[in-house]
Structure formats: structure tokens, C-alpha cells
Amino acid sequence: MTLHEDEFWQLIDATRQAAGGDPDEHAELLVDRLAGLDPDTVVDFARHFEARYQRSYRWDLWGAAWVLLDGASDDVFDSFRCWLIGQGRQVFEGALHSGGDALAKLLEDFDPEADGEGEDLAYAADEAYEQLTGGELPDLGPEPPADPQGTPIALEDDAVLAEEFPLLWARFRS
């Protein structure tokens, strides 16, 4: 069975809703759901996830993560991108289409203590595949880009962040 994009997002949405937004529970439910599918479908899911993960490696999203989390190292930004995918198609695609500042309108709420962390979602397909086959998920393809897409942003400069992300800054930092 081939997993189509709509089905990918349905899995993300259904498990997030069932978890009540808790990222750890979301990842556990996603592993359980994926483990109920065949291995090839799990690989398809992993490819969809990885493609979105790579597409979100952008300066504007890193800046948005920095504003929302009051700082975001490489690892924190990686986890944020997984969390962003976990928020579903509307939030993810809206942020990619309209830019990181659009998250001010796309997110109902954001608690830096509880939100923005989604690293476990990145490993859901790996865990499900291992449960199904006893082996490791096959290589998914090209290496991620070395540098984020777009124009670099001075992430540690609050004045730059406030100017680049006026909606996010006004809603979450002022």
C-alpha cells in the first residue's frame, strides 16, 4: 500500500488529537498506529516526514522558533521542525507558504515550556518499522542541505527578530 500525502496528514492529525496535544503521547500513538500498517507504508510515511523536515530547514522558521522559544540552538530547531510537522498540514504548510511570522496567526496558543519539542516524532517511523521487521528503516534518500534556505537572520539580535517577525514578537515576546 502506498501512503499518499493526505493519509500522511491524517495520521499526524489523528494521533495529535488523540494525544490532546502532548508531544510525547503524540509520538507514542503515532508509533502504535504506524506499527499497525505494513512495512512499506511505514517507509512511505518516513519519506513524507523527511521531505517536510528538510523543506522546513529555513532561516525564517528558525527565526520564528527563536522568538517562540527565546532561543533555539541547532538541536532545538531540529526538534521544533518535527513539532511543526506534528501540528498538522494547515499550520505546517501555512508557515512554509506565508513565512515564519505567520505562526502568530496559525498557532492558537504556544507555551515554550510545553510546545516546540517534537524530536520523538522524528523517530516514530523508525520505531514502528523495527517493531514490524526487526530491522532498521531503509535509507530515505538525499542528505539534508548543509545550510538553511533563505536569507540568514541575526538570531541573537532582538531588534532584528522584532523587525523580521513583528506579529510573533508582539504576540509572544512583548
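**Student:** I'd like a rundown of the packing of helix α4 (residues 59-69) against helix α5 (residues 74-86), residues and numbers included.
**Tutor:** Contact pair α4 / α5: the axes reach a minimum separation of 10 Å and the direction vectors enclose 100 degrees. Put simply, α4 runs roughly perpendicular to α5. Side by side, α4 and α5 meet where L61, W62, A65, L68 and L69 of the first sit next to D74, V76, F77, F80 and L84 of the second. Taken together, the residues that form the contact of α4 with α5 break down as nine nonpolar, no polar and one charged.

**Student:** Outline the side chain of D60, listing residues and values.
**Tutor:** Relative to the helices and strands, D60 is located in helix α4. At a separation of 3.0 Å, a polar atom in the side chain of D60 contacts the main-chain amide nitrogen of G100. Setting aside residues no more than four positions away along its own chain, D60 makes contact with A95, G99, G100, I153 and F165.

**Student:** Before we move on, could you go through the packing of helix α3 (residues 39-55) against α5 and cite the residues and values that matter?
**Tutor:** Direction vectors running N to C along α3 and α5 enclose 125 degrees, while the axes themselves pass 10 Å from each other. As the angle between them shows, α3 and α5 are arranged oblique. Crossing angle aside, the handedness with which α3 passes α5 is right-handed. Contacts between α3 and α5 pair F49, R52, Y53 and Q54 from the former with D78, R81, C82 and I85 from the latter. Each residue belonging to the contact of α3 with α5 can be placed in one class, and the counts come to four nonpolar, one polar and three charged.

**Student:** Describe the nonpolar core, with residues and values.
**Tutor:** By size, the foremost hydrophobic cluster in this structure holds 52 residues, and its most contacted members are L34, F45, F80, L84 and L103. Looking at this core element by element, the count peaks at nine residues for α4. Among residues more than four places away in sequence, those in contact with L84 are L61, V91, F92, A95 and L103.

Thresholds applied
Within every chain, residues take consecutive numbers counted from 1 along the sequence as written. In keeping with the predicted nature of the model, local features appear solely for residues at pLDDT of at least 70, side-chain atom pairs appear and are counted solely at 80 or more, and the whole-chain, interface and lining totals rest on all residues. Excluded from the side-chain calculations are hydrogens and water; all other atoms, namely the structure's heavy atoms, are used. Fitted lines through C-alpha atoms give the axes, limited to the stretch in contact for helices. The angle between two N-to-C directions lies from 0 to 180 degrees. To qualify as a helix, a DSSP run of H or I must reach at least 4 residues; to qualify as a strand, a run of E must reach at least 2; elements of each kind are numbered from the N terminus. Any angle that is under 35 degrees is reported as roughly parallel, and any over 145 degrees as roughly antiparallel; angles of 65 to 115 degrees are reported as roughly perpendicular and all others as oblique. For this analysis, residues touch if any pair of their heavy atoms sits within 4.5 Å. Each residue gets one label: Ala, Val, Leu, Ile, Met, Phe, Trp, Tyr, Cys and Pro are nonpolar, Asp, Glu, Lys and Arg are charged, and the others, such as Gly, are polar. By the criterion applied in these results, polar contacts are pairs of N or O atoms within 3.5 Å in which, for protein atoms, one can donate a hydrogen and the other can accept it, and in which residues neighboring in sequence qualify only through two side-chain atoms. Left-handed describes a crossing whose near helix is turned anticlockwise from the far helix through less than a right angle; right-handed describes the clockwise counterpart. Here the nonpolar core consists of buried residues drawn from Ala, Val, Leu, Ile, Met, Phe, Trp, Tyr and Cys, with membership extended through side-chain atoms lying within 4.5 Å. Throughout, exposure labels follow a simple rule: accessible area from a 1.4 Å probe, protein chains only, divided by the maximum for the residue type, with under 20% read as buried, over 50% as exposed, and the rest as partly exposed.

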